[in-house]
Amino acid sequence: QVQLAESGGGLVQAGGSLRLSCAASGRTFSIYAMGWFRQAPGKEREFVARITWGTGNTDYAGSVKGRFTISRDNAKNMVYLQMNSLKPEDTAIYYCAARDTLTIVRYDYWGQGTQVTVSS
């Protein structure tokens, strides 16, 4: 089992920045990649970004590319999401997740989420 805990959410004005953190514990040696997802009220959960644990290869949703940066600190079992140039459309609950497969995009472990609110 892998346990994940997000933190760093809050209220920020449009154009501002926030950094989200996710602490992983448990069977962290099994993690292939860590990802960030978000869910706004009345909408489905959507993919934001992911990073492979071993190589640090990154991928981003088109809506956040160039504004958000995902990173990880393997020694600390932490993954981060630096969010710059925030827009009201970024308002959502943000979740971190972990997957243990290389080819199958399936996330088996999830945190409880942290609220990000961007005001205009």
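These remarks concern the structure in this document. Per-chain numbering applies: the sequence of each chain, read as written, is numbered from 1 onward. In keeping with the model being predicted, local features are shown solely for residues with a pLDDT of at least 70 and side-chain atom pairs are shown and tallied solely at 80 or more, while totals for entire chains, interfaces and linings include all residues. The basis for the side-chain values is all heavy atoms of the structure; hydrogens and waters are excluded.

Further remarks concern the pairing of strand β1 (residues 2-7). Where burial is concerned, the two faces of β1 differ: the one with Val2, Leu4 and Glu6 is buried and the one with Gln3, Ala5 and Ser7 is not. Taken together, the six bridges between β1 and strand β3 (residues 18-26) define a ladder with antiparallel strand orientation. Bridge pairing in β3 places leucine 4 opposite alanine 24. Buried, partly exposed and exposed residues are distinguished by accessible area as a fraction of the type maximum, computed with a 1.4 Å probe on protein chains only: under 20%, between the cut-offs, and over 50%, respectively. Starting at the N terminus, helices and strands are each numbered in turn, a helix being any DSSP run of H or I of at least four residues and a strand any DSSP run of E of at least two. DSSP calls a pair of strands paired once it identifies at least 2 bridges connecting them.

Okay, the sheet that holds strand β8 (residues 78-83) next. To summarise the sheet geometry, strands pair through backbone hydrogen bonds and adopt either a parallel or an antiparallel arrangement. The strand order across the open sheet formed by four strands is β1-β3-β8-β7, and the pairing between neighbours is antiparallel. Looking at strand neighbours, the two that pair on one side only are β1 and β7 (68-73), the edges of this open sheet. Here the average twist between neighbouring strands, direction ignored, is 15°. Axis definition: a line fitted to C-alpha atoms, over the contacting stretch in the case of helices. Angles run 0 to 180 degrees between N-to-C directions.

All right, on to the pattern of salt bridges then. By definition, a salt bridge exists where a carboxyl oxygen of Asp or Glu is found within 4 Å of a side-chain nitrogen of Lys or Arg. Tallying each qualifying case throughout the model produces four salt bridges. When the shortest N-O distance is used, the salt bridge between aspartate 90 and arginine 67 registers 2.8 Å. Note that aspartate 90 is positioned in the loop between β8 and β9 (92-99) and arginine 67 in the loop between β6 (58-60) and β7, a separation of 23 residues in sequence. There is no split in this pair, since aspartate 90 and arginine 67 are both buried. In this structure, the salt-bridge partner of aspartate 108 is arginine 106, at a minimum N-O distance of 2.8 Å. Exposure remark for arginine 106: the relative accessible area of 38% places this residue in the partly exposed category. Overlapping salt bridges, with partners in common, bring together Arg38, Glu46, Arg67 and Asp90 in one network.

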